[in-house]
Amino acid sequence: MMVMLLFIFVLAMFLGFELISKVPSQLHTPLMSGSNAISGITIVGAIIAAGRGDTVFTVILGVLAVFLATINVVGGYVVTDRMLGMFRHGGRRK
Amino acid sequence: MMVMLLFIFVLAMFLGFELISKVPSQLHTPLMSGSNAISGITIVGAIIAAGRGDTVFTVILGVLAVFLATINVVGGYVVTDRMLGMFRHGGRRK
Amino acid sequence: MKLFIPRETDPDETRAAVLPQHVRQLKDWGWEIQIESGLGERVPVPDSAYEEAGAALISHRREGYASADVIFRVRVSDKEEVALMKPGALHISFFDPFRQPDLVDSFAQARVTAISMELIPRITVAQKMDALSSQASLAGYVAVILAAERINRVFPMMMTPAGTLAAVRVLVIGAGVAGLQAIATARRLGARVEAYDVRPEVEEQVKSLGARFLKIDLGQVGSTPDGYAKQLTEEQLQRQREAMKRFCSHADVLITTAQVFGRRAPLIVTEEMLLAMRPGSIVVDLAVESGGNVEGIRPGSEVEKNGVLLLGLRNLPGRVPYHASQVYGSNLSAMLGHLYDREKGHLRIDLQDQITGRCVVTHGGQVVNPLLKEG
Amino acid sequence: MKLFIPRETDPDETRAAVLPQHVRQLKDWGWEIQIESGLGERVPVPDSAYEEAGAALISHRREGYASADVIFRVRVSDKEEVALMKPGALHISFFDPFRQPDLVDSFAQARVTAISMELIPRITVAQKMDALSSQASLAGYVAVILAAERINRVFPMMMTPAGTLAAVRVLVIGAGVAGLQAIATARRLGARVEAYDVRPEVEEQVKSLGARFLKIDLGQVGSTPDGYAKQLTEEQLQRQREAMKRFCSHADVLITTAQVFGRRAPLIVTEEMLLAMRPGSIVVDLAVESGGNVEGIRPGSEVEKNGVLLLGLRNLPGRVPYHASQVYGSNLSAMLGHLYDREKGHLRIDLQDQITGRCVVTHGGQVVNPLLKEG
Amino acid sequence: MNNRVIIELTYITAAVLFCFGIKMLSSPKTARKGNLVSAFGMLLAVVATLLYKGLDLRWIVAGMALGAVTGVLAARLVQMTAMPQMVAVFNGFGGAASLLVAWSEYHIRQPERIGLMPIAVAATVIIGAVTFTGSMIAYAKLAERIPGRPILFPHQHLVNAVLGITALGCTVIFLMSPAAHYGLFLFVMLIALVLGILLVIPIGGADMPVVICLLNSYSGLAAAAAGFVILNNVLIVSGALVGASGIILTRIMCKAMNRSLANVLFGGFGAVRRGKEGYRGEVKSLSVEDAYYLLEAARSVIFVPGYGMAAAQAQHVVRELGELLESNGAEVKYCIHPIAGRMPGHMNVLLAEANVPYEQLVEPEDVNPIMDTVDVAVVIGANDVVNPAARDEPGSPLYGMPIIEVDRARTCIVIKRSLNPGFAGVDNPLFFKPNTRMLFGDAKEVVSALVAEFKEAA
Amino acid sequence: MNNRVIIELTYITAAVLFCFGIKMLSSPKTARKGNLVSAFGMLLAVVATLLYKGLDLRWIVAGMALGAVTGVLAARLVQMTAMPQMVAVFNGFGGAASLLVAWSEYHIRQPERIGLMPIAVAATVIIGAVTFTGSMIAYAKLAERIPGRPILFPHQHLVNAVLGITALGCTVIFLMSPAAHYGLFLFVMLIALVLGILLVIPIGGADMPVVICLLNSYSGLAAAAAGFVILNNVLIVSGALVGASGIILTRIMCKAMNRSLANVLFGGFGAVRRGKEGYRGEVKSLSVEDAYYLLEAARSVIFVPGYGMAAAQAQHVVRELGELLESNGAEVKYCIHPIAGRMPGHMNVLLAEANVPYEQLVEPEDVNPIMDTVDVAVVIGANDVVNPAARDEPGSPLYGMPIIEVDRARTCIVIKRSLNPGFAGVDNPLFFKPNTRMLFGDAKEVVSALVAEFKEAA
Ligand SMILES: NC(=O)c1ccc[n+]([C@@H]2O[C@H](COP(=O)([O-])OP(=O)(O)OC[C@H]3O[C@@H](n4cnc5c(N)ncnc54)[C@H](OP(=O)(O)O)[C@@H]3O)[C@@H](O)[C@H]2O)c1
Ligand SMILES: NC(=O)c1ccc[n+]([C@@H]2O[C@H](COP(=O)([O-])OP(=O)(O)OC[C@H]3O[C@@H](n4cnc5c(N)ncnc54)[C@H](OP(=O)(O)O)[C@@H]3O)[C@@H](O)[C@H]2O)c1
Ligand SMILES: NC(=O)c1ccc[n+]([C@@H]2O[C@H](COP(=O)([O-])OP(=O)(O)OC[C@H]3O[C@@H](n4cnc5c(N)ncnc54)[C@H](O)[C@@H]3O)[C@@H](O)[C@H]2O)c1
Ligand SMILES: NC(=O)c1ccc[n+]([C@@H]2O[C@H](COP(=O)([O-])OP(=O)(O)OC[C@H]3O[C@@H](n4cnc5c(N)ncnc54)[C@H](O)[C@@H]3O)[C@@H](O)[C@H]2O)c1
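Residues numbered from 1 in each chain as written. Chains lettered and ligands numbered in written order. Predicted model: local features only at pLDDT ≥ 70, side-chain atom pairs only at ≥ 80, totals over all residues. Heavy atoms only, no water.

K.L.:
Can you explain the overall build of chain A? Please cite residues and give values.
P.N.:
When helices and strands are tallied, chain A shows 4 helices and 0 strands. Ordered by position in the sequence, the α and β elements of chain A form the string α-α-α-α. A compact globule built from 94 residues should have a C-alpha radius of gyration of about 12 Å, whereas chain A, at 18 Å, is more than 25% larger. Taken over the C-alpha atoms alone, chain A extends approximately 55 × 30 × 10 Å along its principal axes. For chain A, buried positions account for 74% of its 94 residues. In chain A, of all internal contacts separated by at least 6 residues, the share reaching a separation of at least 24 is 69%. When the accessible surface of chain A is split by element, carbon and sulfur atoms take 68% of a total near 2,700 Å². (Helix = DSSP H or I, 4+ residues; strand = E, 2+ residues; numbered from the N terminus. Rg over C-alpha atoms; globule rule 2.2 N^0.38 Å. Buried < 20%, exposed > 50% of the residue type's maximum accessible area, 1.4 Å probe, protein only. Contact = heavy atoms within 4.5 Å. Areas by Shrake-Rupley, 256 points an atom, 1.4 Å probe, with all protein chains shown as cover.)

K.L.:
So what's going on with the relation of the copies chain E and chain F? Which residues, and what values?
P.N.:
Its rotation angle being 180°, the transformation that places chain E on chain F also includes 0.1 Å of axial translation and leaves an RMSD of 0.2 Å. In symmetry terms, the pair is related by a two-fold rotation axis. Taken as a fraction of all interface residues of chain E, those also at the interface in chain F reach 100%, which identifies the copy contact as same-surface. (Least-squares fit on C-alpha atoms with pLDDT ≥ 70 in both.)

K.L.:
Account for the site of ligand 3, naming residues and giving values.
P.N.:
Taken together, 26 residues surround ligand 3, and among them Arg122, Gln127, Val177, Asp197 and Gln240 of chain C come closest. What surrounds ligand 3 is not a single chain but chains C and E. Note that an oxygen atom of ligand 3 is positioned 3.3 Å from one of the backbone N or O atoms of Ile123 of chain C. Gly176 of chain C places a main-chain nitrogen or oxygen 3.2 Å from an oxygen atom of ligand 3. Alone, ligand 3 offers 830 Å² of accessible surface; in the complex the protein occludes 94% of this. Taken together, the residues that form the shell around ligand 3 break down as 13 nonpolar, 9 polar and 4 charged. (Near = heavy atom within 4 Å. Polar contact = N/O pair within 3.5 Å; in protein donor to acceptor, adjacent residues only side chain to side chain. Nonpolar A, V, L, I, M, F, W, Y, C, P; charged D, E, K, R; others polar.)

K.L.:
Describe the interface of chain F and chain A, and please don't skip the residues or the numbers.
P.N.:
In this complex, chain F contributes 98 residues to the contact, which on the side of chain A involves 76 residues. With both chains or domains summed, chain F and chain A bury close to 8,000 Å², and 76% of this area falls on carbon and sulfur atoms. Considering only the side of chain F, the residues that lose the most area to chain A are Leu25, Arg32 and Met42 of chain F, jointly responsible for 8% of the buried surface there. Across the salt bridge formed by Arg52 of chain A and Glu105 of chain F, the nearest N and O atoms sit 2.9 Å from each other. For the side of chain F that touches chain A, the elements supplying multiple residues, two or more each, are helix H1 (3–25), helix H2 (31–50), helix H3 (57–77), helix H4 (83–109), helix H8 (208–230), helix H9 (233–256), helix H11 (288–296) and helix H17 (443–457) of chain F. Sort the elements by how many residues they give to the side of chain F that touches chain A and H9 of chain F lands first, with 17 residues. (Buried area = accessible area lost by both parts, 1.4 Å probe. Salt bridge = Lys/Arg side-chain N within 4 Å of Asp/Glu carboxyl O.)

K.L.:
Please give an account of the site of ligand 1 that cites residues and values.
P.N.:
Near ligand 1 lie 29 residues; those nearest to it are Gln127 of chain C together with Asn383, Asp384, Ser418 and Asp442 of chain E. Between an oxygen atom of ligand 1 and a main-chain N or O atom of Gly341 of chain E, the distance comes to 2.9 Å. About the coverage of ligand 1: the protein hides 93% of its 910 Å² of free accessible area. By residue number, the principal contributor to the shell around ligand 1 is helix H12 (residues 307–312) of chain E, which donates 4 residues. Taken together, the residues of the shell around ligand 1 sort by class into 13 nonpolar, 11 polar and 5 charged.

K.L.:
An account of the nonpolar core is needed here, citing residue identities and associated values.
P.N.:
Judged by nonpolar contacts, the single largest core of 610 residues is most densely connected at Phe72 and Phe155 of chain C together with Phe72 and Phe155 of chain D. What Phe155 of chain D contacts, discounting residues up to four positions off in sequence, is Tyr141 of chain C together with Val144, Ala147, Ala148, Ala167, Val168, Val170, Ala186, Leu189, Gly190, Ala191 and Val253 of chain D. (Core = buried A, V, L, I, M, F, W, Y, C linked by side-chain atoms within 4.5 Å.)

K.L.:
Which residues make up the sheet that holds strand S9 (residues 169–173) of chain D, and what values go with them?
P.N.:
All names here are of chain D. On the basis of which strands lie adjacent, the open sheet formed by 7 strands has the order S11-S10-S9-S12-S13-S15-S14 and mixed pairing. Edge positions in the open sheet fall to strand S11 (212–213) and strand S14 (302–305), since each of these has one partner strand only. In terms of strand pairing, strand S10 (residues 192–196) meets S11 through 2 bridges, oriented parallel. Bridged to Ala195 within S11 is Phe213. Contacting strand S12 (253–256), strand S13 (282–285), S14 and strand S15 (308–311), helix H6 (residues 131–150) runs over the sheet at an angle of about 155° to S13. (Pairing = 2+ DSSP bridges. Axes fitted to C-alpha atoms, helices over the stretch in contact; angles between N-to-C directions.)

K.L.:
Hey, could you go over the side chain of Asp407 of chain F for me, with residue numbers and the actual values?
P.N.:
Residues and elements named next belong to chain F. With respect to the secondary-structure elements, Asp407 resides in the loop between helix H16 (389–392) and strand S5 (411–416). Looking at Asp407, the relative accessible area reads 8%, which means it is buried. A distance of 2.5 Å separates the side chain of Asp407 from the side chain of Arg391, its partner in a polar contact. Those residues in contact with Asp407, other than ones at most four positions away along the chain, are Pro388, Arg391, Leu430, Lys433 and Asn435.

K.L.:
Mind laying out the interface of chain E and chain F, listing which residues take part and the relevant values?
P.N.:
In this assembly, 15 residues from chain E lie in contact with 15 residues from chain F. Summed over both sides, the interface of chain E with chain F buries roughly 1,100 Å², with 43% coming from carbon and sulfur. Applying the counting criterion to the chain E and chain F interface returns 0 salt bridges. There are 4 residue pairs in polar contact (both at pLDDT 80 or more) connecting chain E and chain F. The element best represented in the side of chain E that touches chain F is helix H17 (residues 443–457) of chain E, accounting for 6 residues. Tallied by class, the residues present in the side of chain E that touches chain F amount to 3 nonpolar, 5 polar and 7 charged.

K.L.:
Before we move on, could you go through the packing of helix H4 (residues 83–109) of chain E against helix H7 (residues 182–200) of chain E and cite the residues and values that matter?
P.N.:
Describing two packed helices takes the angle between their axes plus the distance from one axis to the other. Residue and element names in this part refer to chain E. Packing of H4 against H7 brings their axes to within 12 Å, and their N-to-C directions diverge by 175°. With respect to H7, the element H4 is oriented roughly antiparallel. Residues Leu99, Trp103, Tyr106 and His107 of H4 lie in contact with H7, whose contacting residues are Tyr182, Phe185, Leu186 and Met189. Across the contact of H4 with H7, the residue classes tally to 7 nonpolar, 1 polar and no charged. (Parallel < 35°, antiparallel > 145°, perpendicular 65-115°, else oblique.)

K.L.:
Let's hear about the packing of aromatic side chains: which residues, and what values?
P.N.:
All told, the structure shown has 34 aromatic pairs over all chains when counted by the stated rule. Ring geometry for Phe94 of chain C versus Tyr328 of chain C: centroids 5.2 Å apart, planes at 20°, classification stacked. Of this pair, Phe94 of chain C sits in the loop between strand S5 (90–93) and helix H5 (101–109) while Tyr328 of chain C sits in helix H11 (residues 321–339), and the two are 234 residues apart along the sequence. Just as Phe94 of chain C is buried, Tyr328 of chain C falls in that class too. Its guanidinium or amino end placed over the ring of Tyr307 of chain F, Arg342 of chain F lies 4.0 Å from that ring's centre, counting from NZ or CZ. (Phe/Tyr/Trp six-rings, centres within 6.5 Å; stacked < 30°, edge-to-face > 60°. Lys NZ or Arg CZ within 6 Å of the ring centre and 35° of its normal.)

K.L.:
Quick one: what's the story with the pattern of salt bridges, residue by residue and with numbers?
P.N.:
The full count for this structure, using the stated rule, is 92 salt bridges over all chains. In this structure, Glu81 of chain C and Arg61 of chain C form a salt bridge, with 2.2 Å as the shortest nitrogen-oxygen distance. Taken together, the positions of Glu81 of chain C in helix H4 (residues 79–84) and Arg61 of chain C in helix H3 (residues 61–67) put the pair 20 residues apart, joining distant regions of the chain. Each member of the pair, Glu81 of chain C as well as Arg61 of chain C, is classed as buried. Residues participating in the shared-partner salt-bridge network are Glu149, Arg150, Glu302 and Arg319 of chain C together with Glu149, Arg150, Glu302 and Arg319 of chain D.

K.L.:
A description of helix H13 (residues 315–327) of chain F should follow, citing residues and the corresponding values.
P.N.:
Residues and elements named next belong to chain F. For H13, built from 13 residues, the straight-helix expectation of 18 Å at 1.5 Å per residue is met to within 8% by its first-to-last C-alpha distance of 18 Å. Summarising burial for H13: 10 of the 13 residues are buried, a large majority. By the burial criterion, the buried members of H13 are Gln315, His316, Val317, Val318, Arg319, Glu320, Leu321, Gly322, Leu324 and Leu325. Gly329 occupies a position one or two residues after H13 and carries a positive phi of about 95°. (Expected span 1.5 Å × (residues − 1).)

Right, dumping it as structure tokens:
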């Protein structure tokens, strides 16, 4: 099981390296911000941790995690979209 | 388990699509032949099938599979190497 | 069939109607070719070269005229010469029949078929016989070379240890065939080139040669179906001159090529504009033979006015006589090829043909050209 | 300090030693500037333009000479003029002191410091005063324009409906400053250009302009530390002529620029080679003033030989007098700037200086130039 | 760490090496090394597998030794020209091996109910079988054991469809209770073997490389499917990699032949359609990328510039494209029609400015006689000068004018912004010819994009 | 299919959407859509997770609602210029969330012995903690809550090393019997939090974007590690994707700043070295790719052509590069030194041939005064005309000659084949200046390669 997860991890890393190769400088920040939003995927773990309700303490940790991860996810996507929306108009590429 | 295998399968497919994008025409055949050799990875399955020795029939099937897969693997790599060796010298790119 | 090519009699004419390469080509068609001795003297191509190509040399043009089925010339023959030709003969040359009604009549009376190279329609299939284009293109080139030779500076920009030499500014008015070639040549030499034309579609063509197109709003201007420009109204001309004044004052070299088919060339550059130009500037007028675009220019001469040199030289293609003869000869051969049926070995003047019908002036003792019949 | 610029007396000279822009610059340094009326007449630049720039106009050169600390000229002053100058004055011009020992003596006797623009060393820091280069570069351009104006064909290849016009083939012999500029100009006009030079490092430079370099194996040829070519042995010259014959016969335009510093120009193109050329070809010899590279060429004239036009015109830069004066004036100003200490407001002739030491001919009543003292 | 973990980690390493190998194989500089990298990965995978406890190695080693010797000999002795068919054979063996692996697993495990394993078995067997016989036919065609031309028989379509549906139906029944239907299993295998033959036999010999490439992708999928059967990661990953990259490669190869995959596979069927409504035939436009593949594979290219090149000021990029094609090994000429452009010598001025050597400029008379041997003619903003109506249609206003007969080139790419006529205002049947491809857009932009494609691939 | 399988399949879909999202985000045309695609993937993943049986949704929904509102408000209300620090905050929260997830898992499971789970817990906590505090410091610096300049204190290096080793040691002890060492666990977490602060605080504000990008990569790794803790595929895949692509992006950003990552991270430490042995200082050469990143990010570029451009006949590609830079938004000029080349006007002829408009040609007098504002000066085969010795060294044979003072540009890229001197035979101290980068090679080849980089990225 663990080995398989490792397999998945390695493949995903490889894919991550392949996916982006050349990025125009004005996209550096949006790309960073967009992939930062993806790293908020930890929200999945947070939901599970919070939802299982094993102990009060873990629920607190979990809900806090959900809260923080949600900010990361939602804020990350919205801010990225805002940045990209700017380019559309005032940007230096038509 | 199966789901995880599927996950691996999907990631690998994705990676396969990403890996090659533009191939000069003189490399078409070598690339085909080289990746054909990789598809001989089924030799791993063949070895297992042949080695477990469950029934005579499956051993026969397995050994036949090992034989065929080995031809695929060994022949594939050697023939690819030969093709690529040709380019080095007489090839139209220096 | 017999072809005769007399030498040109006009003292200004340096071109020959054909070069040895054309003689060779027509020989292949089975024609008999006579040339008057000295035909290529000013090109220069020696008589011997024509002989080698298969032409027979004669020293009296009289014989040639008398026996020839076809006569090639650069400039049209005069009345006396026409009288020598045999009836049914074909004479191909530049003609300008509108200004020479008498000569047209002589051709008709002598029952000589006259083709005017100026009247060949400017359509795609007729391009290979389009002598106006081929000569205009050379004239455009020569105009720039002349200006470069006469002007007191170098054309290209040069950044040198002793300071930057500014590029010469060339203004081309009228970007037809000659104008475009002038633009191209000036650009090659590194000048800053601007151009102006009344026809709006020319803008793209000018830009395709890397020059700037000047726009003047004149309201509605059309072009005839043949691609020639229509004449402007006096008011439009006036507006054009106003705008032009400013452009001219910046130019070191001004080349004008504006013509309107069948009429006097429009007067575009006035004395006043010339005065605004810097001393040492050059003006070349390619329309000088049809009246000139520049006020005060004298056909056939170079005059200086307030330090500006006005070049009104005639026959600019004649300054590159070798190439001019080469393309003109090819135009003539192409015209003959169009009329001549190589299978049957005879000439066919089909007045219904879209090319022949437009450029034949007289045929069978009649003035047959629709343009001449109208006017 | 006072600067005087007389007008040129040589009837062939169209250039002026300075243009108004230089007057303006020197005024900024605090100099007082006098010019002889008519200085820019043939450029043409009117006297008024100089006056506007701040020069004082005088009509008698005598006064000018008498009071000037510095005199700028294109061509060197003659003995009578030298006699008018005040001792200690500085005279900057082209000079050619090797051929005029008497004049050198006059300068020495008059205690006038004479600087010869020809003797400025060809090192990187001296480039802005290098008048030989700046004029040679213009000459190279003019040579091509002259050829284009005179030849009977157009330079660029054109594929036209009336056949393909072959590009003119230009052969440039001697690819120094003038030769390179000739190559560049001919290439711009679309010619096929080939070039030849004895110095092997020139090959790369020729190719950098898109022309073909012709190689002739001559064995060992060197160049002086200044970058000038060494003289060839008679045997080498002979071998060169042999190979050259073939190249010349293909050329429509032949431009020669080969010079050897301080000696007669090498004779490269013989009568025999000229005979091999096609009628209508053009030969331009830029070395004509130092003896000519072409046999039978006559300095200052255009002669036709077997249909080949030999241009031996002198003073080619003088045919673009405006730009020629501009760069020459800048060279003079740069030279003066090198000698003049703006802080202290006086001239300093430092014979140890790597530039000054090489180009000063006479100073303090003595002939000080090392080259002249040797020979 | 236990044996199992070591094996799995080695598998991961092998998979990574395969990734690198394929990547490196697609660039000329690293291709040979890439093949070695991937071979090393394979070695690791095999060695790791041999570490499995409880394997009886005797037979395995025998089979491997025999296979290795056969493989090396075949690969070494085959003639250069026969390599493609060799690859087909190898590929077929790979498919067969996967089939056998799945069969043997099925034979032992005899699953009672539907599940992923029996599904995987069925998939492996069908794909493996088609790969095997298909590859063998491809081999036979290339080796000319059977005729290379498309072999057609009546109702081919129908027969294939019936066979396919039968196979599918039987598979479904089989999957209901796999263990109970050994016979059906064998029947499906048989049908798949026959299908492999029938699918490849109507395809022409010239298209075989594409078919082999596709079958190669299949054999990868078969291996992946076999991976699902025996629950083995490395099979799944490697098989999927090959399956995916094989499909991409197939697409690339089709483009280089200016064909669609469907056209390759089913081209043998049906009569060739021929429009008869004048020029209003079919206009086939292509993408810049497709044009790149065409040009990349071309050995001789002729550019035909016209007024559009001038208007777009595309001369510099055109010359650049020409240079790239030359360094790619193609012979490149620029054919200049005397009336191209809007003034005599228009094209000359521009091409001279862009430094195209005079030697590369040719006239229509030089090119027309050898036009049939030209791989690709690229018309850049020209129109009237390449209008075949001037040659073929006595009624046309252009009739009689000599043209550049690009319609006779193997392929003709026409770069212009629309189907609008040129200066003469005459419609151009060239745009509707079967071997013409329209590449719509501004000449400069389009040619720049082509240049970019070339540079990217370098 | 059971609930579990549906969830997992949805996770697969989400992972695929993330892949597409990241890919699309890296191209201007598709970036915005890419962000939406990835957001949709996230939605799927969240919804799927909520389907898990037995989850108590009340608290979760509350936390999510609150988080969503906060996130939207923060993202909407923040000023354009403050976006980067906002991203830093979000990123820190992500790291903290991963930390909390691992902590809670550890709290419940209390593993007795070493194993993958406790290892993953330790990794998550350490990476998550560093990400959290590091991001907060980055935020504070950018928002100027604390000074943006590098904050240095004595023995910084040593302190960090001691802390790092302590954390490592404690982690090892902790891993021996994790359940028994709750205190140690908290201690390690604390150290990691402190380390995050110490690592970022000495880095200058201008370098913060790179740091945030790196921390973003870390938070991806933290998520992946958390995935190992709770054995969840989608966390592992997404986290690994972000971890890997974040590192690539960090590298790209460093290159665009002409810095190495090490230089960014540790640049604050140590004194700036300064060579004093004449020109024999350090020559820094750079690759074509690095030069691309520099040029891509430049807003003003000056080309200085010299004889080498002529010799290589590189004028056409130079103009092309100029055009590409312009369409990339940079202001481009060509500064021509009067003596460049081997004849007066040599550069003019060539650039005119290549169609560089006269308007873009400038003289040294125009450029030198504004040289400090030029982002990149590209010297193409020039040498003597850019030799600062002519300005600085009275002993030099070139002394007194005006030069183009490219050494004063922000960055100067010199393209030539070697360090050999030019026509004047004088060595050039420019090549050893700190802001000079040598790009060795034939001018035409190098500039073509740069052009290719630009086209590839388009
Ligand atoms: N050579 C001469 O001396 C001369 C003089 C005058 C007239 N002509 C006439 O001009 C014609 C010359 O033939 P040709 O084939 O060169 O030109 P053409 O027949 O006029 O065709 C040019 C084509 O270029 C396309 N085009 C225009 N701008 C473009 C752009 N920016 N990008 C891409 N394509 C563009 C146009 O199609 P889209 O609009 O679809 O893009 C047009 O169909 C002949 O008919 C000739 O008679 C020649
Ligand atoms: N303008 C004139 O009229 C004139 C006339 C004669 C002499 N000069 C002299 O020429 C010099 C001009 O200065 P400059 O800066 O233009 O040239 P430069 O100082 O001569 O330097 C040219 C540089 O280009 C490099 N180079 C040569 N071929 C190359 C290639 N294929 N690709 C890349 N680089 C190449 C060489 O370095 P690598 O070998 O390392 O590549 C060389 O250092 C001055 O010293 C001037 O005095 C000028
Ligand atoms: N299809 C063909 O084969 C073919 C061949 C040759 C020419 N043509 C067409 O015919 C056109 C005219 O050819 P041309 O050069 O012999 O024309 P032209 O010599 O009659 O006139 C020269 C130019 O002057 C311009 N002009 C006229 N009045 C003007 C004014 N007041 N101010 C400014 N410009 C003025 C005209 O527009 C024309 O461009 C060409 O441009 C071309 O389009 C077509
Ligand atoms: N560093 C500087 O600042 C600077 C400035 C100007 C010139 N220079 C150098 O000085 C060189 C010479 O300049 P120039 O043009 O005044 O030289 P030049 O006028 O003395 O001679 C012209 C050319 O003729 C060539 N030549 C001589 N004999 C020949 C023969 N028998 N056959 C063929 N060619 C022959 C010479 O090699 C030279 O290239 C230049 O090429 C340049 O390298 C340097």
